[in-house]
Amino acid sequence: MHFKSLGTNQQTVSLSDAVFKGLADDGSLFMPQEIPVLNKHFFENLAQMSLPEIAFSVLKPFVKEDLSDADLKEMVVSTFSFPIPLNAVNNDIYVLELYHGPTQAFKDVGARFLSRLMSRLHPVTDKKMVVLTATSGDTGGAVAHGFYKVPGIDVVVLYPKGKVSPYQENQMTSLGHNIHAIAVDGTFDDCQRLVKQAFNDRNLRQDVAVTSANSINLGRLLPQMVYYFQGVARMMEKNGGKALVVCVPSGNFGNITAAVMAHKMGLPVKRFVAATNVNDVVPRFLDSGNYDPRQSIVTLANAMDVGDPSNWPRLFELYQNDTDKMKKEVVATVVNDQEIKETIQSVFTAHNYLLDPHSATGYLGLSRQMKSDESGFFVSTAHPVKFLETIDSVLPSEAQKLRDEFGDAFTAKGTHESMGNSYKSLKEYLMNL
Ligand SMILES: *Cc1c(COP(=O)(O)O)cnc(C)c1O
């Protein structure tokens, strides 16, 4: 399969180019040239299939010209090596838990698959290959764990010194091997600026193949379709054939884009709910027809604090950029910080289920939008241990239990380099890696 850019120049590229370039030459996003519908046989067997079996069937049409069946099989088995269970929260509301990976967030799925794609597709050269990434906290950990010990690739993660939690810092610094964590004396913006400078440095790129693993990479998007099939597969046994609604807590709108792509492949879902925090550009758009991006606002669900979602053009394109078409299948709802806290507390009290702030947004979004003849699941995108301050403010005894259970993850124990914020030192570091 080839991949098309969504820009005016309509570039089409191979899987390998889409993955290593990240963005098209005109700066627009790549999408699969077509989204194939899976056959009847697949859906008849879905309820009996394991997660890696589902992943193989879903991903094969997108990669079959570029990877052998044996390679793809190995990749899905090692990517999806942690469980993604579906659990009941109350009567008709289920949760698909995406947070059982190494960094307790759903971004593990995309990062793990991308790393395996890159290690198989990268052209044979003498150049050292480096995935260079800036992080304000969470993405760095998922990328570091995703690429850990992947042959032929080094990872350099830049994070602002003293501005990430010890828990997050550990996820980047405790691995070693091919993972290099650098604490930059500056802000997240400084880290991003350094990464940009490296990408624009032709002289550096003669010696080092630098590439990015950021969230718009198609290699992260494709595997995210898989767990929606997993959700429906596990739901088939439970909901007695009721129409299904799926709710996705959304920030950059990559996760829900993957859900809608799965729907185009034939996934039987009646409606999707995009639940946002007060960064509500998409809900406002569906109300008014005006796309009006804003500065992001800080909330308790901070991995969704996005004022101008980078995957929006992809989602809109799946509906031929037609608002009315989109509104038939996608509804949006806004959850504020007060509601997030109340939901964490009330769901725990009533159903003994502990939500993190992002998953609370998903739960409330689904329960608002589901009708009595429907059932549904929301995806839980992070483990509550990652957002302990919020849990502490509403359910202190539960927070204490998590602290006891995850104790050593809160004390810094890894190793990292330290660096000023000048590009010269980063370049030297990369040249000598
Ligand atoms: C990244 C992230 C989200 C948002 O996902 P998008 O694909 O950007 O919409 C939600 N929850 C958590 C915990 C995240 O890390």
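Our subject is the structure listed above.
Visitor: What's the story with the overall build of the chain in this structure? I'm lost.
Guide: Helix and strand counts for the chain stand at 20 helices and 14 strands. With respect to the principal axes defined by its C-alpha atoms, the chain has extents near 60 × 50 × 45 Å. Counting only residues that meet the buried cut, the chain has 57% of its 433 residues in that class. Restricting the contact set of the chain to residue pairs at least 6 apart, pairs at least 24 apart contribute 74%. A total accessible area of about 17600 Å² is found for the chain, and carbon and sulfur atoms account for 48% of it.

Visitor: How should the sheet that holds strand β4 (residues 86–90) be read in this particular structure?
Guide: For sheets, the rule is that strands pair by backbone hydrogen bonds, running either parallel or antiparallel. The strand order β4-β5-β13-β10-β11-β12 describes an open sheet built from six strands, whose pairing is mixed. Edge strands, defined here as strands with exactly one partner in the open sheet, are β4 and β12 (330–334). The average angle at which neighbouring strand axes cross in this sheet is 25°, direction not considered. When strand β10 (residues 243–249) meets strand β11 (residues 271–276), the two strands line up parallel, connected through five bridges. Within β11, the residue paired with Val245 across the bridge is Arg271. Helix α13 (residues 281–288) contacts β11 and β12 of the sheet and is inclined by roughly 125° relative to β12.

Visitor: Just checking my understanding: could you explain the side chain of Lys386 for this structure?
Guide: Checked against the element boundaries, Lys386 lands in the loop between β13 (374–380) and α18 (388–394). Within the structure, the side chain of Lys386 is placed 2.7 Å from the backbone oxygen of Thr103, a separation counted as a polar contact. Polar side-chain contacts of Lys386 include one of 3.3 Å to the side chain of Asp138. Setting aside residues no more than four positions away along its own chain, Lys386 makes contact with Thr103, Gln104, Ala105, Asp138, Tyr167 and Gln171.

Visitor: Just to check I follow, could you spell out helix α4 (residues 69–79) for this structure?
Guide: Residues of α4 that are buried include every one of Leu72, Met75, Val76 and Thr79, and no others. The buried residues of α4 occupy an angular sector of 90° when projected down its axis, which confines them to one face. Seen from the buried face of α4, the exposed residues on the opposite side, beyond 90 degrees, are Ala70 and Lys73. Where the residues of α4 are buried, they touch α3 (51–63) and α5 (107–121).

Visitor: Which parts of the structure should I look at to understand the pairing of β4?
Guide: In regular strands, side chains alternate between the two faces of the sheet. Looking at chain direction, β4 and strand β5 (residues 93–97) are connected through four bridges and run antiparallel. Following the sheet pairing, Asn90 is matched in β5 by Ile93. The turn joining β4 and β5, which pair antiparallel and follow one another in sequence, is formed by two residues.

Visitor: Help me understand the packing of aromatic side chains in this model?
Guide: The relation between two aromatic rings is expressed through the spacing of the ring centres and the mutual angle of the planes. Inspection of the entire model under this criterion finds ten aromatic pairs. Their ring planes at 80° and their centres at 5.7 Å tell us that Phe42 and Phe229 sit as a pair that is edge-to-face. Placement of Phe42 in helix α2 (residues 40–45) and of Phe229 in helix α11 (residues 226–236) is noted, with a sequence separation of 187 residues between them. Between Phe285 and Trp312 the ring centres are 5.2 Å apart and the planes differ by 70°, which places this aromatic pair in the edge-to-face class. One end of the pair, Phe285, is in helix α13; the other, Trp312, is in helix α14 (residues 312–317), and 27 residues separate them in sequence.

Visitor: Is there a simple way to think about the packing of α3 against α11 in this case?
Guide: Between two packed helices, the angle of one axis relative to the other and the distance separating the axes together describe the packing. At a minimum axis distance of 9 Å, the contact between α3 and α11 shows a crossing angle of 130°. The orientation of α3 relative to α11 falls into the category oblique. Of the two elements, α3 crosses α11, and the hand of that crossing is right-handed. Where α3 approaches α11, its residues Leu51, Ile54, Ala55, Val58 and Leu59 are matched on the opposing element by Val226, Phe229, Gln230 and Ala233. Tallied by class, the residues present in the contact of α3 with α11 amount to eight nonpolar, one polar and no charged.

Conventions we followed
Residue numbering note: each chain is counted from 1, following its sequence as written. Local features are withheld for residues below a pLDDT of 70 in this predicted model, meaning they are given only at 70 or higher, and side-chain atom pairs are given and counted only at 80 or more; totals for whole chains, interfaces and linings count all residues. Remark: hydrogens and water are excluded; side-chain values derive from all non-hydrogen atoms of the structure. A run of H or I in DSSP counts as a helix once it spans at least four residues, and a run of E counts as a strand once it spans at least two, with each numbered from the N terminus. Burial classes: relative accessible area under 20% of the type maximum marks a residue as buried, over 50% as exposed, and values in between as partly exposed (1.4 Å probe, protein chains only). Working rule for contacts: check all heavy atoms of both residues, and any pair within 4.5 Å makes them a contact. In these tables, accessible area is a Shrake-Rupley quantity obtained with a 1.4 Å probe, and a residue counts as shielded only by the protein chains included in the view. We call two strands paired when DSSP finds no fewer than two bridges between them. The axes are straight lines fitted to the C-alpha atoms, using for helices just the contacting stretch, and the angles between their N-to-C directions are given from 0 to 180°. Here a polar contact is recorded for every N or O atom pair within 3.5 Å, except that within protein the pair must consist of a potential hydrogen donor and a potential acceptor, and residues adjacent in sequence are included only if both atoms are side-chain atoms. Arc, as used here, means the arc of the directions from the helix axis to the C-beta atoms. Classification of ring pairs uses Phe, Tyr and Trp, with its six-membered ring standing for Trp, and accepts pairs whose centres are within 6.5 Å; under 30 degrees between planes counts as stacked, over 60 as edge-to-face, and the remaining range as tilted. For classification purposes, an angle smaller than 35 degrees is called roughly parallel, one larger than 145 roughly antiparallel, one from 65 to 115 roughly perpendicular, and anything else oblique. Each crossing gets its handedness from the near helix: less than a right angle anticlockwise from the far helix is left-handed, clockwise is right-handed. Residue polarity follows a fixed list, in which Ala, Val, Leu, Ile, Met, Phe, Trp, Tyr, Cys and Pro are nonpolar, Asp, Glu, Lys and Arg are charged, and the others, Gly among them, are polar.

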